[in-house]
Amino acid sequence: MPIPIRSKQDWQALDAAHHLHPFTDYADLAAKGARIISWAEGAHLHDADGRTILDGMSGLWCVNLGYGRRELAEAAQRQMLELPYYNNFFQTAHPPAIELAHRLAEFAAPDYTRVFFTGSGSESVDTAIRMIWRYWQLQGQPQRNVIIGRRNGYHGSTIAGASLGGMKAVHAQLAHPLPGFVHIDQPYAFGEGAGLDPAAFGLERARQLAQKIEEIGPDKVAAFFAEPIQGAGGVIIPPDTYWPEIERICRHHGILLVTDEVICGFGRTGQRFGAEYFGVKPDLMTVAKGLTSGYVPMGAVLLGARVGEALASGGGEFFHGYTYSGHPVAAAVALEVLRVLERERVIERVREDTGPYLQQRWRTLAEHPLVGEARGLGFFGAIELVKDKASRERFPEEKSAGLRCREFCFDNGLVMRAVGDTMIVAPPLILDRDGIDELVEKAWKCLDLTAQALRN
Ligand code: PXG
């Protein structure tokens, strides 16, 4: 039976009565009613009011290949008819999961040779944490179990992911953040490095890791776990000095390095992974989102030789897995995504053509009176809304500059997200030059509207 056809008002009423949304202020939502997105094609959404909206966020950083891809739908349908489900527990497997593990190992060659499948980014993060603990147990060093993350990092919404993440508001709602997760400061140059040379600031932030390791005791630290570029935290791009120094410190102390590639993976930086962009080789990488372009849920952990071989070479059973680990339908879609990435040279285009073009156009927003900085990389963009460009002074919180800008964007045909007063975009990787022009023109117009509203 198809989904029934109802009026927008009916959808909103049913939604308000029964549906608890993720990351939502329910009183706020009840007052306004949900925006109802009806269908989408390419990089554009269509809502229940009949409006067309450029999706500057690829859904939630995931629909990298754009909407309406027949080959992805057909891959799912074929697999559902052939084998809609079977598990990979208890010494069984099926061709889609095996083929995807093989193709991912080729995609991530030569450094990542093994794959563990999950159902989401959060599950990938939990899995990586379980692997880190298991690795050190197998090494005979179970006391090495502290994991270092970063303030304002985001690693998903399970209790482990939320504890590893460094979102203050999230921690405040955890009755008991898990022990064994500690945090260092983020490499947020615009917000926290004013007046400092970016290269020096990057090194200072990286060296906090060394200090933290000394403080805890090097023999107790298991891993450092971070996003190459913080996404949910506001598209925070570390200075070039940051990641190589982080890697050096991890190697010096023998601790594992994990990059959370849930957003950066599969081409958003113009390279396969964020770590590759910054020239580092983590021991583990968590992925999700772009792996299936968001068409069906799936995540994975990619393992380099150090942890991969240790886990695979025995020591007894690894008591971890999900019903949907390696789900055949998700695996079939992911295989098709990898084919499209290759056939359409999606990552190369972002690296060589559309990424540089987006960055050149995006930087022009810095000339707007409301913008303190316009930064970006690959298919990431961020702008900082400020009251005063020179001093970087922000608007008072009650002005809700970011949220107002977001509303103007929605009403004028653009999805741009607000993280406080940082406006961010991460458009589908298939966006062409015309789409990029549309994105930047709409963003400028909405900045004008926001500036006008803030004057009143
Ligand atoms: N790691 C990172 C780096 C993420 O960005 C997760 C893990 C968790 O993935 P799942 O699939 O469990 O959601 C994420 C998810 C936002 C926003 O508002 C970002 C995410 C999810 C929802 C909202 O920017 N990232």
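Residues numbered from 1 in each chain as written. Predicted model: local features only at pLDDT ≥ 70, side-chain atom pairs only at ≥ 80, totals over all residues. Heavy atoms only, no water.

With that out of the way, let us pick up the domain arrangement of the protein chain. By domain assignment, the protein chain separates into domain 1 (35-68 + 345-455) and domain 2 (71-343). Computed over C-alpha atoms, the centres of domain 1 and domain 2 are 26 Å apart. Contact with domain 1, which involves 36 residues of that partner, is made by 35 residues of domain 2. In this assembly, domain 1 and domain 2 are joined by 0 salt bridges. Linking domain 1 with domain 2 are 20 residue pairs in polar contact (both at pLDDT 80 or more), by the criterion used here. Counting only elements with at least two residues in the side of domain 1 that touches domain 2, the list comes to α3 (58-61), α15 (346-363), β11 (371-377), β12 (380-385), β14 (417-419) and β15 (422-425). In terms of residues, the side of domain 1 that touches domain 2 owes the most to one element, β11, which gives 5 residues. Its residues assigned to classes, the side of domain 1 that touches domain 2 shows 19 nonpolar, 9 polar and 8 charged. (Domains from an automatic or database assignment. Contact = heavy atoms within 4.5 Å. Salt bridge = Lys/Arg side-chain N within 4 Å of Asp/Glu carboxyl O. Polar contact = N/O pair within 3.5 Å; in protein donor to acceptor, adjacent residues only side chain to side chain. Helix = DSSP H or I, 4+ residues; strand = E, 2+ residues; numbered from the N terminus. Nonpolar A, V, L, I, M, F, W, Y, C, P; charged D, E, K, R; others polar.)

Right, let's get into the site of the ligand. Taken together, 15 residues form the shell around the ligand, and within it Trp-61, Gly-121, Ser-122, Asp-260 and Arg-417 come nearest. If you list the elements that add at least two residues to the shell around the ligand, you get α3 and α6 (121-138). (Near = heavy atom within 4 Å.)

Burial along β15 is two-sided: Thr-422 and Ile-424 facing one way and Met-423 and Val-425 facing the other are all buried. Linking two consecutive strands that pair antiparallel, namely β14 and β15, is a turn of 2 residues; a positive phi of about 60° is found at Gly-420 within it. (Buried < 20%, exposed > 50% of the residue type's maximum accessible area, 1.4 Å probe, protein only. Pairing = 2+ DSSP bridges.)

Below, the discussion takes up the environment of Met-416. Mapped onto the fold, Met-416 is located in the loop between β13 (414-415) and β14. Residues in contact with Met-416, not counting those within four places in the same chain, are Trp-362, Ile-383, Cys-405, Arg-406, Cys-409, Met-423, Ile-424, Val-425 and Ala-443.

The next point concerns the layout of surface pockets. Space inside the second largest pocket adds up to approximately 960 Å³. Broken down by secondary-structure element, the contributors of at least two residues to the lining of the second largest pocket are α5 (95-107), β4 (112-118), α6 and α13 (305-312). Top contributing element to the lining of the second largest pocket by residue count: β4, with 5 residues. Here the residues of the lining of the second largest pocket sort into 15 nonpolar, 11 polar and 3 charged. (1 Å grid on protein atoms, 1.4 Å probe; cavity = no way out; pocket = protein on both sides within 12 Å on 5 of 7 lines; lining within 4 Å. Points joined across faces, edges and corners; volume = space filled by probe spheres on them.)

A complete count under the given rule lists 34 salt bridges for this structure. With its nearest N and O atoms 3.9 Å apart, the salt bridge here joins Glu-352 to Arg-351. Judged by its relative accessible area of 52%, Glu-352 falls in the exposed class. Linked by salt bridges that have partners in common, Lys-8, Arg-35, Asp-47, Asp-49, Arg-51, Arg-406, Glu-407 and Asp-411 make up one network.

What follows concerns the packing of aromatic side chains. Following the criterion strictly, the structure yields 13 aromatic pairs and no others. Arranged with centres 5.8 Å apart and planes meeting at 80°, the rings of Phe-107 and Phe-273 form a pair that is edge-to-face. Remark: Phe-273 occurs in the loop between β8 (256-260) and α12 (274-278) and Phe-107 occurs in helix α5; sequence separation between them is 166 residues. On the accessibility criterion, Phe-107 (17% relative accessible area) is buried. For Phe-273, a relative accessible area of 3% puts it in the buried group. (Phe/Tyr/Trp six-rings, centres within 6.5 Å; stacked < 30°, edge-to-face > 60°.)

By definition, the strands of a sheet pair up through backbone hydrogen bonds, in either a parallel or an antiparallel sense. Across the sheet, 7 strands lie side by side as β4-β10-β9-β8-β7-β5-β6; this open sheet has mixed pairing. Two strands in the sheet have a free side with no partner beyond their single neighbour: β4 and β6 (181-184). Mean inter-strand twist for the sheet, computed between neighbouring axes without regard to direction, equals 25°. With 3 bridges joining them, β8 and strand β9 (residues 284-287) adopt parallel strand pairing. Opposite Asp-260, over in β9, you have Thr-286 as the bridge partner. (Axes fitted to C-alpha atoms, helices over the stretch in contact; angles between N-to-C directions.)

In summary, soluble globular proteins display a tendency toward joint burial of nonpolar side chains. Core analysis: the largest hydrophobic core is formed by 63 residues, its most contacted members being Leu-100, Leu-341, Trp-362, Ile-383 and Met-416. The dominant element in this core, judged by the number of residues it contributes, is helix α14 (residues 328-343), at 10 residues. Contacts of Leu-341, omitting those with residues within four sequence positions, involve Leu-65, Phe-107, Phe-266, Val-346 and Ile-347. Judged by nonpolar contacts, the second largest core, of 38 residues, contains Ile-184, Ala-226, Ile-263 and Phe-410. (Core = buried A, V, L, I, M, F, W, Y, C linked by side-chain atoms within 4.5 Å.)

A word on helix α10 (residues 198-216). With 19 residues, α10 ought to run about 27 Å at 1.5 Å a step, and its terminal C-alpha atoms sit 28 Å apart, in line with that. Three or more residues of α10 are buried, namely Phe-201, Gly-202, Arg-205, Ala-206, Gln-208, Leu-209, Lys-212 and Ile-213. Seen along its axis, α10 keeps its buried residues to an arc of 150°; they face one direction. Across α10 from its buried face, at more than 90 degrees, point the exposed residues Gln-211, Glu-214 and Glu-215. Contacts made by the buried residues of α10 are with β5 (146-150), β6, α9 (189-192), β7 (221-226) and α11 (242-253). Of the residues flanking the end of α10, it is Gly-217, one or two places downstream, whose phi is positive at about 105°. (Expected span 1.5 Å × (residues − 1). Arc of directions from axis to C-beta.)

What follows is about the side chain of His-94. Tracing the backbone through its elements, the reader meets His-94 in the loop between α4 (70-82) and α5. His-94 gets classed as buried once you look at its relative accessible area, which sits at 2%. Looking at His-94, its side chain comes within polar contact range of the side chain of Asn-88, at 3.4 Å. When sequence neighbours within four positions are dropped, the list of residues in contact with His-94 reads Leu-83, Tyr-86, Asn-87, Asn-88, Gly-326, His-327 and Pro-328.

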